[in-house]
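Okay, here's what each chain looks like letter by letter:
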Amino acid sequence: MKKVLLFFVGLSLVFALAACNSTDKKNDSASSTNKTLYDQIKAKGEVTIGTEGTYAPFTYHDKNDKLTGFDIEIATEVFKRLNIKPKFIETKWDGMIAGLDAKRYDMVANEVAVRPERLQKYDMSNPYIASKAVLVVKSDNTTIKSLDDLKGKKVGQSLDSNYRVVAEQHGATNTVVDGFNQAIDLLTSNRIDGTINDSLSYLDLKKQRPELPIKVVYTEPNATQNAFLFRKDNPDLVKAVNKALADMQKDGTYLKISKKYFGEDVSK
């Protein structure tokens, strides 16, 4: 009887320990689940960031094959101030937001435009860069001063560009180009009269090739705002990033990075 009694006592202890262990695991799991994304990032000391790495001057590889660019430097500085190491994960733009949805990374830094429909599904930081469409002509051109002056003129735009539609709506004839650089080559060789593109691309081009005989004659009044992209419902992470961005504006760090890539303040 004593042996039987001891057997059942021992068995009871085994079940009790197993139950405690199971409860502990559930508690640990619940504790982990209750942690916000920002809490998890701080605990790891690392944030993963999706980016292209092929979109100069925002995110690209320099001559030493080091990932760099305006967005890369801004994001790196933000998380330096939060004492968190950024780990950039390069991916193609077409699948970048899907990668965020799939939790391949914690956020995206890649000139993501702030749009109402996007804000319905995602969190976004305060805008850190603004861009506008600009009409570029040769420096000695005195006949084109606005979009309306494009009537009967030749422009160079890529086939799927919204800028092509704008130019043609104003009466221009389009010569299809592969990109902005080709359009500029056609412009400086007098084969087209003008081209419409993003103001940031223009500033980058003039910084790289200041000798180009080109100028901006029209800038659209409404800017496109760009910001960091996060999965929905991460207010504490967004708040921390916004504070770091604001501090960078106040102490001049943002302006320093902006002038390095564009020669001026591109926050507005």
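Rules behind the numbers
- Residues numbered from 1 in each chain as written.
- Predicted model: local features only at pLDDT ≥ 70, side-chain atom pairs only at ≥ 80, totals over all residues.
- Heavy atoms only, no water.
- Helix = DSSP H or I, 4+ residues; strand = E, 2+ residues; numbered from the N terminus.
- Contact = heavy atoms within 4.5 Å.
- Areas by Shrake-Rupley, 256 points an atom, 1.4 Å probe, with all protein chains shown as cover.
- Phe/Tyr/Trp six-rings, centres within 6.5 Å; stacked < 30°, edge-to-face > 60°.
- Lys NZ or Arg CZ within 6 Å of the ring centre and 35° of its normal.
- Polar contact = N/O pair within 3.5 Å; in protein donor to acceptor, adjacent residues only side chain to side chain.
- Buried < 20%, exposed > 50% of the residue type's maximum accessible area, 1.4 Å probe, protein only.
- Pairing = 2+ DSSP bridges.
- Axes fitted to C-alpha atoms, helices over the stretch in contact; angles between N-to-C directions.

**Topic: the overall build of the protein chain**
Thinking step 1. When helices and strands are counted, the protein chain shows 10 helices and 13 strands.
Thinking step 2. For the protein chain, the share of sequence-separated contacts (at least 6 apart) that also reach a separation of at least 24 residues comes to 69%.
Thinking step 3. Accessible surface, the protein chain as shown: approximately 15300 Å² in total, 52% of it carbon and sulfur.

**Regarding the packing of aromatic side chains**
By convention here, two paired aromatic rings are described through the distance between centres and the angle between planes.
Thinking step 1. According to the stated counting rule, one finds 7 aromatic pairs in the structure shown.
Thinking step 2. Ring centres 4.8 Å apart and planes at 45 degrees place the aromatic pair Y55 and F58 in the tilted group.
Thinking step 3. Here the aromatic cluster, defined as three or more aromatic residues joined through ring pairs, consists of Y55, F58, F70, Y128, F228, Y254, Y261 and F262.
Thinking step 4. Directly above the aromatic system of Y38 lies the positively charged group of K42, at a separation of 4.4 Å from the ring centroid.

**Observations concerning helix 6 (residues 162-169)**
Thinking step 1. The opening residue of helix 6 is S161, an N-cap whose side-chain oxygen sits 2.9 Å from the backbone nitrogen of Y163.
Thinking step 2. Following helix 6 by one or two positions, G171 has its phi on the positive side, about 90 degrees.

**A short note on the pairing of strand 5 (residues 107-113)**
Thinking step 1. Burial analysis of strand 5 places 7 of its 7 residues in the buried class, which makes it a mostly covered element.
Thinking step 2. As defined by bridge partners, strand 1 (residues 46-51) adjoins strand 5 across 2 bridges and the pair is classed as parallel. Following the sheet pairing, I49 is matched in strand 5 by M107.
Thinking step 3. As paired strands, strand 5 and strand 13 (residues 224-231) are joined by 4 bridges and run antiparallel to one another. The residue bridging A113 from the neighbouring strand is N226, located in strand 13.

**Considerations on the sheet that holds strand 11 (residues 195-198)**
Thinking step 1. Reading across the sheet, the 3 strands line up as 11-8-12 and stay open at both edges, with antiparallel pairing between neighbours. Both outer strands of the open sheet, strand 11 and strand 12 (214-219), are each paired with one neighbouring strand and no more. Going from strand to strand, the sheet's axes swing by 40 degrees on average, the running direction of each strand aside.
Thinking step 2. Two elements, strand 8 (residues 133-138) and strand 11, share 4 bridges in a ladder whose sense is antiparallel. Residue pairing for strand 11: L135 is matched across the bridge by I196.
Thinking step 3. Packing against the sheet, helix 6 makes contact with strand 8 and strand 11, and its axis sits at approximately 145 degrees to strand 11.
Thinking step 4. Sitting on the sheet, helix 7 (residues 180-188) is in contact with strand 8, strand 11 and strand 12, with an inclination near 30 degrees to strand 8.

Don't take any of this as a statement about function, it's just geometry.
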